[in-house]
Amino acid sequence: VSGRALLVVELVDGAVAPAVWEAARVACELVGGAAQVTAFVPGAKAAEAAGALAARGIGDVRAAADPRFDRAAPGALAPLVAATASEAGAHVVLVAGTTSGRELVGSVAAAWNGAAANGITELHADGDALTVRRPVFGGRATETRRLVGGRAVLSIRPHAFPPWEGAAAPLRLTPASGTPAASAFGAERTGLDAGTSSAGPSLGDAAIVVSGGRGLKGPEHFHLVEELAASLGAAVGASRAVTDAGWRPGSLQVGQTGRSVSPQLYIAVGISGAIQHIVGMVSSRVIVAINSDASAPIFRVADYGVVGDLFQILPALTAEIRRVRAG
Ligand SMILES: Cc1cc2nc3c(=O)[nH]c(=O)nc-3n(C[C@H](O)[C@H](O)[C@H](O)COP(=O)(O)OP(=O)(O)OC[C@H]3O[C@@H](n4cnc5c(N)ncnc54)[C@H](O)[C@@H]3O)c2cc1C
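Each value, and the rule that gives it
Residues numbered from 1 in each chain as written. Predicted model: local features only at pLDDT ≥ 70, side-chain atom pairs only at ≥ 80, totals over all residues. Heavy atoms only, no water. Axes fitted to C-alpha atoms, helices over the stretch in contact; angles between N-to-C directions. Helix = DSSP H or I, 4+ residues; strand = E, 2+ residues; numbered from the N terminus. Parallel < 35°, antiparallel > 145°, perpendicular 65-115°, else oblique. Left-handed = near helix turned anticlockwise from the far one by under 90°. Contact = heavy atoms within 4.5 Å. Nonpolar A, V, L, I, M, F, W, Y, C, P; charged D, E, K, R; others polar. Buried < 20%, exposed > 50% of the residue type's maximum accessible area, 1.4 Å probe, protein only. Polar contact = N/O pair within 3.5 Å; in protein donor to acceptor, adjacent residues only side chain to side chain. Pairing = 2+ DSSP bridges.

A. Summary view of the packing of helix 3 (residues 78-87) against helix 4 (residues 99-112). Put simply, helix 3 and helix 4 touch, their axes get as near as 8 Å, and they point 55° apart. If you check the angle between helix 3 and helix 4, you find them oblique. Taken as a pair, helix 3 and helix 4 cross one another with a handedness that is right-handed. Across the interface between the two elements, A78, V81, A82, A85 and S86 from helix 3 touch L104, S107, V108, A111 and W112 from helix 4. In terms of residue class, the contact of helix 3 with helix 4 is made up of eight nonpolar, two polar and no charged.

B. A look at the environment of R145. One can find R145 in strand 10 (residues 141-147). When its relative accessible area of 27% is taken as the criterion, R145 is described as partly exposed. When the C-alpha atoms of R145 and V12 are compared, they prove to be 31 Å apart, with 133 residues separating the residues in sequence. For R145, the contacting residues outside a window of four places in its chain are A116, A117, L130, T131, V132 and R134. Of note is the side chain of R145, whose polar atom sits 2.9 Å from the backbone oxygen of A116.

C. Quick look at the sheet that holds strand 14 (residues 235-238). Strand order across the open sheet formed by five strands is 14-13-15-16-17, with parallel pairing between neighbours. On the outer flanks of this sheet lie strand 14 and strand 17 (304-307), each paired with one strand and no other. With strand direction ignored, the average angle separating the axes of adjacent strands in the sheet is 15°. In the packing of helix 5 (residues 223-232) onto the sheet, the strands contacted are strand 13 (208-212), strand 14 and strand 15 (265-269), and the crossing angle to strand 13 comes to about 175°. Those strands touched by helix 9 (residues 310-325) are strand 15, strand 16 (286-291) and strand 17, and its axis lies near 130° from that of strand 16.

Functional significance is not addressed by these values, which are geometric in nature.
If you want it as C-alpha cells, here you go:
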C-alpha cells in the first residue's frame, strides 16, 4: 500500500529486541520497502540501536534518548509514538509482540485515534483498510478483523513472521520531537517476571519450549526437562500438575490458567494433554510429545510422538543433541 509505517523499537539491555525484526518485516512488506519505514527508538541507548536499524535498511530513525524510558511503563511512550507517527506520515504503527509491546498498542491507539489489534499472524491491505487475522481462544479459532479509518496500531505474534533482513541504508538520525510530561513517568517498571526458573529465553518469547508434566514423578527428576531445554537453548514450561505440586513455580505453567505459548517447537514430556493444557500450546508450529501411554490425548495434537519411558528417552536425547551441536 502507499504511505509509510512507523516501527516502534524496543531495546533489551541496549540492543534491539529480536521480536522487533519480525515487526520490521511486516512494516517493510506492507509499505513496499524499508525506505518507507520510520523507526522510533526510546531509551538511553537509542542512538546506538539506530545503527543496527540502518544496517538492515531502516535509515529514518527518530530517537527519544531519554534514559527514563528504559524504566518507564509502556504507556508513558504513547504520546510520543503518536506524535511521531503523525509527523512521519505513517498510517500504520507496528510494535513487537513482546509483553511491553502488547501493552503499548492500546495506549498508542488511544493517543493517535487509531484501530488496535494485538498478536496478528496475517495482514492484508485492501484499499485504505487493513484486514488482520490472529488466533483467539487459545488457538482454537482465528479472528479476522477489518480495520478502517486509515490508522492502525498492531503488534505481531511472536515467531509468526521471519525477521527482516534488508540491505543497509544511510542513517538519518533525528530526535523525536516532543518532551513527555513528567507525569508520564508516574509508573515505573521495576521488574518483569521472565517466566523461567533458570537462565535461558523467556517462556513467552522462546522459539523452543520444553515442558514437563506429572510423568516426571517428582521434583528431583525435573532437571531432565531442564537439561533437554538447555541443550536446545529452549525455555522451560510445565503442566499445572507440576506447578500445583510446587515442583516448579507457577510462572512456568502453560495452559488455560497459565501462559499461552506459540513457539516454533513445543516438546511435551510426561504430559497427558488435558484440554486446559492443550489450549495454551496448540498454536505451536511443531509439537512433539513423549509419553509412555500411547492413548494419551497429547498425541492427538502432536506432529511427532514418541511412546516410551521418558527416563530412558530424555537422557539419550539430551546427550545426542549436545553431541550434534558440539559438531
Ligand atoms: C479450571 C482448570 C484449569 C486448568 N488449567 C490448567 C493449565 O493452565 N495448565 C495445565 O497444564 N493444566 C491445567 N489444568 C489441569 C489439567 O486438567 C490436568 O490436570 C493437568 O494438565 C495434568 O497435568 P499432567 O499432564 O502433567 O499430568 P497427568 O495428567 O497426570 O499426566 C501425566 C502423563 O505422564 C505420562 N507418564 C507417566 N510416566 C511416564 C514415563 N515414565 N515416561 C513418559 N510418560 C510418562 C502418563 O502417561 C500421563 O499421560 C486445569 C484444570 C482445571 C479444572
